Amino acid sequence: MKPTQHVLLVGEGNFSFSASLCKTAEADTKITATCYESEEEAKKQEEACKSIQCLEEKGAEVFFNVDSTKLAEFPCLADKKFNCIIFNFPHYGRKAGVKKNRMLLASFFLSCADVLTQDGEVHIALCNGQGGTPADQPMREWHNSWQVVAMAAEAGFILSKICQFDSSKCDGYRSTGYRSQDKSFHTEAALNHIFTRSLQFLPAKPVVIEERVGKELVSFQVPGDLCEYMNRNFLDKHSEHPVNILQQELLKEMGLTWPVHRIEKKYPLLFKSIPSAFSYCDFDILPSYIYWVRPIEIKKDNLLESMDSGDKTPAACAEYHTIYHTEEECEQAEGVRSDTSEPELKNGIGYALRPSLRVHIKEILQQHDLEIDTIYAHSGQIFKRCPVSPNSLPSSHEALLIQAFDPSKNSEAACKLQVSLESAISTVVSLMADSKILFPREGLLSFQKYSEDPRYHIYIGYKTKGSGEQQQLIGSLVVMPHNSTHTKFQICVVSLNLNLLSMLIFNVNDWRMLWTWDQRFFSSFGRNNMTLFKEFSLYPPSYSHDVSFWVETETFDELEFHALVRQVSCGTVREVTLVDSFQHPHMGHASQCYRLIYQCSDRALSYRKALELQLLLRRELQQRLLVTLR
């Protein structure tokens with residue numbers, strides 16, 4: 001237990017644990033010990049009177065007839081807030097089954113929420129196997145356990161730590177109350193589960209952005225499933241987000257070999273293109289994966305000034321020379337259907353969110369007189385329409401490295417850049433001690449070329465415990481000609497997905513965690529201290545729900561369905577898979593059945609909440625995608 005101010009113990013039997021804690025606690029720690037039984041019944045237990053006397057002599061409070069599921073209703077506890085609440089070996093009583101004990105846990109957690117401080121902890125000690133987590137050895141089947149993490153989620157708590165419950169360290173402690181008897185629980189291999197509050201589920205507010213694209217000023221509504229990712233400022237100079245830490249370290253290492261020049265200009269999120277002429281070979285992405293947006297007309301009366309004018313309101317804290325409008329204008333824009341599959345054409349040209357920073361290469365080359373062998377580095381946010389899956393990122397951060405070279409003097413420039421990049425990543429990897437992911441000492445990166453594709457795909461090799469060697473695509477490299485006013489030379493362009501690379505290096509096992517609002521994530525990292533991510537939500541429960549509906553095969557856009565799932569579920573769906581598809585032989589439409597796996601890595605997701613989101617999704621499917629539910 002970390003140093004704390006006020007500790008509440010509930011469900012005490014003979015008060016021996018409370019007395020032991022009172023002897024070792026810090027001088028400024030206040031202890032309140034309670035039990036469910038009356039004072040008369042409690043004092044009948046062996047050595048209970050001695051423990052109670054010890055507590056009272058040390059200034060602790062002792063209360064009887066306290067129901068752990070109704071803490072706020074007890075007069076002496078109602079007006080207090082505790083930093084830590086401890087419940088050792090809870091049990092419904094007698095030969096109660098797992099269902100009644102789950103109910104006890106769920107009610108206890110709900111009761112804790114009323115009397116616990118915002119940053120407080122709840123400690124629950126359970127016998128080996130009861131909790132239903134992989135920490136139990138052996139682990140019981142889920143349906144035969146108390147499902148402690150799922151029960152805690154009902155009250156908004158997540159499991160943040162789990163450790164052995166060592167009763168030998170508690171001087172004088174003897175557990176009692178097994179099946180309502182004066183018998184000890186089986187404390188061998190028992191586990192102490194430590195829970196903390198999680199952030200609430202809040203739907204992302206609609207966002208309208210206005211920015212300059214070339215000579216035009218364009219306003220557009222951000223697609224609903226991307227609002228959560230906008231204006232997070234992860235690449236700011238002083239940011240301690242892992243994508244920025246990684247970027248800084250890589251550039252520092254590459255700067256030991258080549259001169260590095262940072263391009264600080266922020267280019268627009270939007271780019272213009274003729275959809276029919278869009279070349280996916282240039283951007284590693286098919287045209288159907290592009291987020292096309294429709295320009296909208298908005299009122300200018302309430303337009304907020306940008307950061308340049310000194311406005312420091314959250315709405316004006318824009319990252320890409322963007323301007324966030326008033327909430328009323330966002331609500332006005334919300335009425336515009338955000339269809340990202342087909343662009344609004346003007347003279348055959350549509351606007352889209354950039355799928356890669358390579359859309360800015362032409363502009364960068366026009367604005368900078370490149371020096372031979374110098375690396376020009378730029379980074380920013382990119383977007384991609386994609387399925388809901390553990391390996392698909394709708395938004396991420398990309399680093400763009402551009403190096404010019406004279407092929408007549410340096411024909412191996414691309415190879416040298418490859419070696420430099422691999423050396424830089426290897427150095428960063430070597431800084432991470434005790435990583436769960438193992439990287440090869442040699443051949444860390446592989447550069448693979450496919451048929452007519454001019455690019456080299458960059459893969460990083462790794463393996464995890466219990467698995468063989470794996471590869472992750474993290475970027476690409478391409479060599480292209482460039483004619484300047486002075487000479488003809490070639491440029492080598494490297495693009496790296498900082499999110500995917502950060503996940504491997506910092507041991508972040510869920511890409512959604514990189515976008516969490518929980519400050520415990522950011523506290524894991526520091527610019528001058530390369531450290532692995534410390535998980536604060538262990539063994540999050542998952543729930544499976546199916547949805548099936550009739551669609552018109554010619555008009556149904558599956559990626560639009562995935563985007564709606566991501567938006568309506570507040571990002572809690574980890575994966576969506578098509579489990580069945582049926583084409584009607586006469587009607588011309590098809591039936592699609594999808595399985596949704598709900599699991600949240602940073603917030604407490606209960607079965608009740610997952611079901612609520614699933615029902616909301618069913619309603620939204622009918623209203624927004626105009627499908628017929630089955």
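Anyway, here's the lowdown on the structure attached to this text.

Criteria and cut-off values
Residues numbered from 1 in each chain as written. Predicted model: local features only at pLDDT ≥ 70, side-chain atom pairs only at ≥ 80, totals over all residues. Heavy atoms only, no water. Salt bridge = Lys/Arg side-chain N within 4 Å of Asp/Glu carboxyl O. Helix = DSSP H or I, 4+ residues; strand = E, 2+ residues; numbered from the N terminus. Buried < 20%, exposed > 50% of the residue type's maximum accessible area, 1.4 Å probe, protein only. Polar contact = N/O pair within 3.5 Å; in protein donor to acceptor, adjacent residues only side chain to side chain. Contact = heavy atoms within 4.5 Å. Pairing = 2+ DSSP bridges. Phe/Tyr/Trp six-rings, centres within 6.5 Å; stacked < 30°, edge-to-face > 60°.

**A short note on the pattern of salt bridges**
Part 1: If you walk through the whole model with that rule in mind, you get 18 salt bridges.
Part 2: The salt bridge involving Glu154 is made with Arg608; its shortest N-O contact spans 3.5 Å. Taken as a pair, Glu154 in the loop between helix H6 (148-153) and strand S6 (157-164) and Arg608 in helix H14 (residues 607-624) lie far apart in primary sequence, 454 residues in all.
Part 3: Among the residues examined, Glu154 registers a relative accessible area of 24% and is labelled partly exposed.
Part 4: Between Lys272 and Glu216 there is a salt bridge; the shortest N-O distance is 2.9 Å. Here Lys272 is found in strand S11 (residues 270-273), whereas its partner Glu216 is found in strand S9 (residues 216-221), with 56 residues between them in sequence.
Part 5: Residues joined by salt bridges that share partners form a network here, namely Arg385, Asp557 and Glu560.

**Re the side chain of Gln403**
Part 1: Secondary-structure assignment places Gln403 in strand S16 (residues 395-405).
Part 2: Of the residues examined, Gln403 reaches a relative accessible area of 1% and is grouped as buried.
Part 3: Side-chain polar atoms of Gln403 contact the backbone oxygen of Asp373, separated by 2.9 Å.
Part 4: When residues no more than four places from it in sequence are discounted, the contact partners of Gln403 are Trp258, Asp373, Thr374, Ile375, Ala413, Leu417, Gln490, Ile491 and Cys492.

**So, the sheet that holds strand S12 (residues 292-293)**
Part 1: Spatially, 3 strands are ordered S11-S14-S12 in an open sheet, and the strand pairing comes out antiparallel. The sheet is open, and its two borders are formed by S11 and S12, each paired with just one other strand.

**Describing the side chain of Arg566**
Part 1: Positionally, Arg566 belongs in helix H13 (residues 558-568).
Part 2: Accessibility expressed as a relative area gives 8% for Arg566, which makes it buried.
Part 3: The residues touching Arg566, leaving out its near neighbours within four places in the chain, are Asp225, Tyr229, Tyr291, Cys386, Pro387, Val388, Pro394 and Gly571.

**Looking at the packing of aromatic side chains**
Part 1: All chains considered together, the criterion is met by 26 aromatic pairs.
Part 2: Measuring from ring centre to ring centre gives 6.3 Å for Phe533 and Phe536, while their planes differ by 90°; the resulting arrangement is edge-to-face.
Part 3: Assessed through its relative accessible area of 8%, Phe533 is described here as buried.
Part 4: By relative accessible area, Phe536 is classed as buried at 5%.

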